[in-house]
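Residue-level listing of the chains:
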There are 6 protein chains.
Amino acid sequence: MDRLPDTELVLVPGGTLITDTPEEGRALAMLMARHTIHNIQPDLDVLKEGRKTYASDPDSLIASSQVIAIEFQTIAAANNYWRKA
Amino acid sequence: MDRLPDTELVLVPGGTLITDTPEEGRALAMLMARHTIHNIQPDLDVLKEGRKTYASDPDSLIASSQVIAIEFQTIAAANNYWRKA
Amino acid sequence: MDRLPDTELVLVPGGTLITDTPEEGRALAMLMARHTIHNIQPDLDVLKEGRKTYASDPDSLIASSQVIAIEFQTIAAANNYWRKA
Amino acid sequence: MDRLPDTELVLVPGGTLITDTPEEGRALAMLMARHTIHNIQPDLDVLKEGRKTYASDPDSLIASSQVIAIEFQTIAAANNYWRKA
Amino acid sequence: MDRLPDTELVLVPGGTLITDTPEEGRALAMLMARHTIHNIQPDLDVLKEGRKTYASDPDSLIASSQVIAIEFQTIAAANNYWRKA
Amino acid sequence: MDRLPDTELVLVPGGTLITDTPEEGRALAMLMARHTIHNIQPDLDVLKEGRKTYASDPDSLIASSQVIAIEFQTIAAANNYWRKA
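Analysis parameters
Residues numbered from 1 in each chain as written. Chains lettered and ligands numbered in written order. Predicted model: local features only at pLDDT ≥ 70, side-chain atom pairs only at ≥ 80, totals over all residues. Heavy atoms only, no water. Contact = heavy atoms within 4.5 Å. Buried area = accessible area lost by both parts, 1.4 Å probe. Salt bridge = Lys/Arg side-chain N within 4 Å of Asp/Glu carboxyl O. Polar contact = N/O pair within 3.5 Å; in protein donor to acceptor, adjacent residues only side chain to side chain. Helix = DSSP H or I, 4+ residues; strand = E, 2+ residues; numbered from the N terminus. Buried < 20%, exposed > 50% of the residue type's maximum accessible area, 1.4 Å probe, protein only. Least-squares fit on C-alpha atoms with pLDDT ≥ 70 in both.

**Q** What am I meant to see in the interface of chain D and chain C here?
**A** Often, the extent of an interface is quoted as the loss of accessible area on bringing the components together. Taken together, the contacts link 30 residues of chain D with 25 residues of chain C. Summing the contributions of chain D and of chain C, the shared interface buries around 2400 Å²; its carbon and sulfur component is 66%. Where C:Arg26 meets D:Glu71, a salt bridge forms, and the shortest distance between an N and an O atom there is 2.5 Å. At the junction of chain D and chain C, the tally comes to twelve residue pairs in polar contact (both at pLDDT 80 or more). At the level of secondary structure, the elements contributing two or more residues to the side of chain D that touches chain C comprise helix 1 (22-40), helix 2 (44-54) and helix 3 (58-78) of chain D. When residues of the side of chain D that touches chain C are assigned to their parent elements, the largest contribution, eleven residues, is made by helix 3 of chain D.

Have a look at this one:
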């Protein structure tokens with residue numbers, strides 16, 4: 001097993017939901033989703049195999065984008081939607 | 001690999017969740033969902049192949065529309081539902 | 001390709017999330033979900049083919065009803081749940 | 001085609017999201033979800049056929065219960081969670 | 001048909017979303033999800049058959065846990081997240 | 001049957017949704033999701049078998065990450081998004 005480094009297992013990278021911009025918030029949403037999966041499956045070899053499948057399967061891509069949308073709801077609310085930004 | 005241009009990879013096009021109208025907010029929801037997928041799979045050839053499948057599969061279309069609905073929840077809340085618009 | 005007319009592609013028909021009654025809000029939820037799909041797949045022939053499948057498949061019907069439920073959450077919140085109506 | 005009567009097509013039966021009790025709110029959630037499906041598929045024969053399948057398929061039952069959970073979120077919020085009830 | 005007793009069909013057991021603790025709120029979430037399914041399929045024999053399948057299928061278990069998560073969102077909000085508890 | 005110990009069946013480990021940091025909140029989200037599944041399927045042997053399947057199936061991993069995202073929405077709201085943390 002090629003175990004991911006610990007930095008890839010941090011659940012909330014940066015330790016906060018607050019970001020300066022929507023763009024950074026969205027990037028955090030993607031990162032948090034990915035790190036959740038790293039915590040469930042920390043074997044890089046398995047993850048790489050899986051990527052071959054899901055990254056070219058439209059339904060998997062749609063499902064992935066839904067997870068990001070849900071994570072982003074939380075982050076956007078945390079930042080009051082960056083209304084004054 | 002035919003990599004998407006950088007403009008297609010911006011996570012929050014325009015850099016804000018605030019829009020003038022619900023119509024523009026909805027368009028942003030669609031754009032954000034699409035750009036998330038671009039970030040997961042930036043190869044245009046793979047995306048074009050996928051489109052052939054999902055765009056004529058009712059279940060994929062329903063799943064896609066659900067992602068847009070979720071993105072729109074966030075954008076609509078950010079804009080206080082355009083109540084005075 | 002038998003392209004849908006432009007009216008079928010408006011993302012937020014009526015241009016507002018505010019409706020007089022819950023019934024109208026629910027109808028708007030259905031319309032918005034449908035028009036999202038029209039924007040992803042504007043070919044009426046493909047949509048008609050898809051309908052044959054999903055409209056008699058219980059799982060597709062359940063999935064469709066979930067999208068409407070999510071859209072309605074947004075519209076109901078926008079209208080403060082029509083509490084005084 | 002054995003078309004459902006109009007009463008089965010009302011999107012928000014009773015015309016309001018406000019109910020006296022959580023129990024009634026939950027019943028409304030079930031009714032609204034069902035009537036959405038009636039609007040997508042108003043042919044009673046097709047619905048009856050579908051029921052044979054989904055009502056004994058655990059995954060379909062789980063998916064159905066999720067739709068009810070989402071509808072109920074909206075109705076519970078509309079009623080301020082019946083906190084004083 | 002071995003019909004479930006009426007107590008298994010109550011949609012909101014206890015008649016309120018308010019609970020003393022998060023633990024009880026979570027238990028209510030599980031109960032409400034289960035009773036929704038009982039209302040769609042009240043035949044105990046069919047439910048027992050289904051359980052054999054879904055309780056050992058990881059995807060069904062994940063789907064079930066998602067329904068509980070959604071129900072719990074509502075109950076937690078109703079209880080102001082038991083912040084003072 | 002190799003039944004899980006009672007500690008693995010606590011629905012809200014720690015008895016509160018309040019945590020000091022987002023990282024701990026996220027860990028709680030994962031724990032709550034897992035314990036829900038333990039309550040539905042308390043047989044460790046069955047769970048171990050299931051893990052072999054879902055932990056290397058990208059779609060199952062995506063579905064799992066979605067459940068965590070939903071649980072985290074609740075916990076983040078409970079903690080006012082750790083805005084002052």
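**Q** Could you clarify how one ought to interpret the pattern of salt bridges in this entry?
**A** One side chain can pair with another of opposite charge once the charged atoms of both are near each other. All names here are of chain F. Taken as a whole, this structure holds 18 salt bridges over all chains when the rule is applied. In this structure, lysine 52 and glutamate 49 form a salt bridge, with 2.7 Å as the shortest nitrogen-oxygen distance. Linking lysine 52 with glutamate 49, this pair stays in helix 2 (residues 44-54), spanning three residues, or about one helical turn. Taking relative accessible area as the criterion, lysine 52 reaches 59% and is therefore assigned exposed. Since its relative accessible area comes to 47%, glutamate 49 is described here as partly exposed.

**Q** Got a minute to help me understand the interface of chain D and chain E in this structure?
**A** Between chain D and chain E, the residue contacts involve 25 residues of the former and 30 residues of the latter. The contact between chain D and chain E buries some 2400 Å² in all, and 66% of this surface belongs to carbon and sulfur atoms. It is D:Glu23, D:Arg26 and D:Ile62 in chain D that bury the most area against chain E; as a group they hold 23% of the surface buried on that side. On inspection of chain D and its partner chain E, the count reaches one salt bridge. Counting across the chain D and chain E interface gives 13 residue pairs in polar contact (both at pLDDT 80 or more). Broken down by secondary-structure element, the contributors of at least two residues to the side of chain D that touches chain E are helix 1, helix 2 and helix 3 of chain D.

**Q** Can you walk me through the relation of the copies chain D and chain E in this structure?
**A** Applying a rotation about an axis and a shift along it to one chain copy brings it onto the other copy. Mapping chain D onto chain E is achieved by rotating through 60° and translating by 0.0 Å along the same axis, at an RMSD of 0.0 Å. Taken together, the rotation and translation describe the operation of a six-fold axis. Within chain D, the C-alpha atom positioned nearest to the axis of rotation is that of D:Ile70, 7.0 Å from it. Interface overlap between copies: only 20% of the residues of chain D at the interface are likewise at the interface in chain E, consistent with a contact formed by different surfaces.

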